[in-house]
Amino acid sequence: MKVREAWLESRKILKCNGVQDYSIEAEVLLRHVLGIDRVKFFQSLNSDISSNTKISFYDMIHRRSSREPLAYIIGSREFYGLDFIVNPHVLIPRQETELLVEEVLNFLSLHSLKNPLIADIGTGSGSIAISIAKNYEGATIFATDKSIDALKVANLNRHKHAVSDRVKLLHGNLLSPLSQKVDVIVSNPPYIASNIIGNLEPEVQNEPREALDGGYSGVDYINELISTSTCILKSNGMIAIEINYDHSEKSKKLCHEYFPKAEISVIEDLTQTPRMVRIVLAKRLQ
Ligand SMILES: C[S@@+](CC[C@H](N)C(=O)[O-])C[C@H]1O[C@@H](n2cnc3c(N)ncnc32)[C@H](O)[C@@H]1O
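Here the structure is a predicted model, which is why all the values come from computation and not from measurement.

Colleague: Lay out the packing of helix H11 (residues 220-229) against helix H12 (residues 248-258) in plain terms, naming residues and giving numbers.
Modeller: For the pair H11 and H12, interaxial distance at closest approach is 9 Å and the crossing angle is 20 degrees. In this view, H11 runs roughly parallel relative to H12, as classed from their interaxial angle. For H11 against H12, the interelement crossing comes out right-handed. From H11, Ile 222, Asn 223, Ile 226 and Ser 227 reach across to H12, where they touch Ser 251, Leu 254, Cys 255 and Tyr 258. Split into classes, the residues belonging to the contact of H11 with H12 amount to five nonpolar, three polar and no charged.

Laid out in structure tokens, this is it:
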């Protein structure tokens, strides 16, 4: 069988099974089993594929047809320009979450913080913590999660990106593993309302329930995070939390309640969807 035939046939299979981006996904899976980049792929369309490669490839196409996420099948996902190991114990990092990293890096640079301490709550694969560490040399990040299996993935990623000395992994509930005050709290907590999860795309339902389920109305974790962060945040620190698009009013109200003197804003992503609530405490003296 030629590469071209495998590609065309697998595109049809994925399309029939409701995979929206069937063409690019068939290509990515085929390149993954062949171990080649895009340029080489298009140069190889008339080459034969070995029977072993064909078996591995169709096994992956079968998994993807049953709507297992592409990232779990190939075992990785790009986030903030870095490649992260992922498996079904962690949420697949989303592009929109890069906004949190951007905001934290802006805050650190704006205030020229030399050795800031940052807490990434619910770190999952470690994508936020590691991206900050890679892009801000002096930063130390405490990356917490209540899932031991997720922390094992974060551990692989911090070694892969050579930041294990500055990304400290802590096991436990939200802020409770932290033993010292921090300059920044960043978090992408579970925020989907429990009763909505069953209606989401099959791919999302393959992701860990504890990474998605934000309780009855989706704001349980945000409530707990904000209400407990007052004693762990330095007096001139900042908090950046990802929110669901329809949680902006509730989140703002809560932030004003616990941080009445802070500058509080809801920030939209590139699609103009409310994506993040930001709390900046008293302005730092330069
Ligand atoms: C939405 S995922 C975010 C993962 C990662 N930060 C990202 O943005 O890709 C939420 C993470 O919070 C963790 N989590 C859920 N409840 C938690 C809790 N009570 N304390 C700490 N972590 C929790 C989950 O295990 C999961 O890894």
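Colleague: Which residues make up the side chain of His 247, and what values go with them?
Modeller: Mapped onto the fold, His 247 is located in the loop between strand S7 (233-242) and H12. According to the relative accessible area criterion, His 247 is buried, its value standing at 3%. The residues contacting His 247, other than those within four sequence positions of it, are Tyr 191, Ser 217, Gly 218 and Val 219.

Colleague: Got a sec to walk through the site of the ligand? Specific residues and values, please.
Modeller: Taken together, 20 residues surround the ligand, and among them Gly 122, Asp 145, Asn 173, Leu 174 and Asn 188 come closest. Backbone polar atom of Leu 174 to a nitrogen atom of the ligand: 2.8 Å apart, as the coordinates give it. For the ligand, whose unbound accessible area comes to 600 Å², protein coverage reaches 97%. Among the secondary structure elements, those contributing two or more residues to the shell around the ligand are helix H7 (127-135) and helix H10 (209-212). The residue inventory of the shell around the ligand, partitioned by class, reads eight nonpolar, nine polar and three charged.

Colleague: Outline the layout of surface pockets, listing residues and values.
Modeller: Here the second largest pocket is characterised by a volume of approximately 250 Å³. Along its surface, the second largest pocket is lined by Tyr 80, Gln 95, Glu 96, Glu 98, Leu 99, Glu 102, Glu 268, Asp 269, Leu 270 and Thr 271. The element that contributes the greatest number of residues to the lining of the second largest pocket is helix H6 (residues 98-110), accounting for three residues.

Colleague: Before we move on, can you summarise the packing of helix H1 (residues 3-16) against helix H4 (residues 51-65) with the specific residues and values?
Modeller: Here H1 crosses H4 at 20 degrees, and the two axes come no closer than 10 Å. In terms of orientation, H1 and H4 fall into the roughly parallel class. For H1 against H4, the interelement crossing comes out right-handed. For the pair H1 and H4, the contacting residues are Ala 6, Glu 9, Ser 10, Ile 13 and Leu 14 in the first and Phe 57, Tyr 58, Ile 61, Arg 64 and Ser 65 in the second. Here the contact of H1 with H4 is composed, by residue class, of six nonpolar, two polar and two charged.

Colleague: A description of the nonpolar core should follow, citing residues and the corresponding values.
Modeller: If you look at the biggest cluster of nonpolar residues, it comprises 31 residues, and the most contacted ones within it are Ile 121, Ile 185, Ile 226, Phe 259 and Ile 279. Among the elements of the structure, strand S3 (117-121), strand S6 (182-187), H11, S7, H12 and strand S9 (274-280) are those that each provide at least two residues to this core. Membership of the second largest hydrophobic core comes to 30 residues, among which are Leu 82, Ala 139, Ala 143 and Ile 267.

Parameters at a glance
- Residues numbered from 1 in each chain as written.
- Predicted model: local features only at pLDDT ≥ 70, side-chain atom pairs only at ≥ 80, totals over all residues.
- Heavy atoms only, no water.
- Axes fitted to C-alpha atoms, helices over the stretch in contact; angles between N-to-C directions.
- Helix = DSSP H or I, 4+ residues; strand = E, 2+ residues; numbered from the N terminus.
- Parallel < 35°, antiparallel > 145°, perpendicular 65-115°, else oblique.
- Left-handed = near helix turned anticlockwise from the far one by under 90°.
- Contact = heavy atoms within 4.5 Å.
- Nonpolar A, V, L, I, M, F, W, Y, C, P; charged D, E, K, R; others polar.
- Buried < 20%, exposed > 50% of the residue type's maximum accessible area, 1.4 Å probe, protein only.
- Near = heavy atom within 4 Å.
- Polar contact = N/O pair within 3.5 Å; in protein donor to acceptor, adjacent residues only side chain to side chain.
- Areas by Shrake-Rupley, 256 points an atom, 1.4 Å probe, with all protein chains shown as cover.
- 1 Å grid on protein atoms, 1.4 Å probe; cavity = no way out; pocket = protein on both sides within 12 Å on 5 of 7 lines; lining within 4 Å.
- Points joined across faces, edges and corners; volume = space filled by probe spheres on them.
- Core = buried A, V, L, I, M, F, W, Y, C linked by side-chain atoms within 4.5 Å.

Interpretation in functional terms is not warranted from these geometric data alone.
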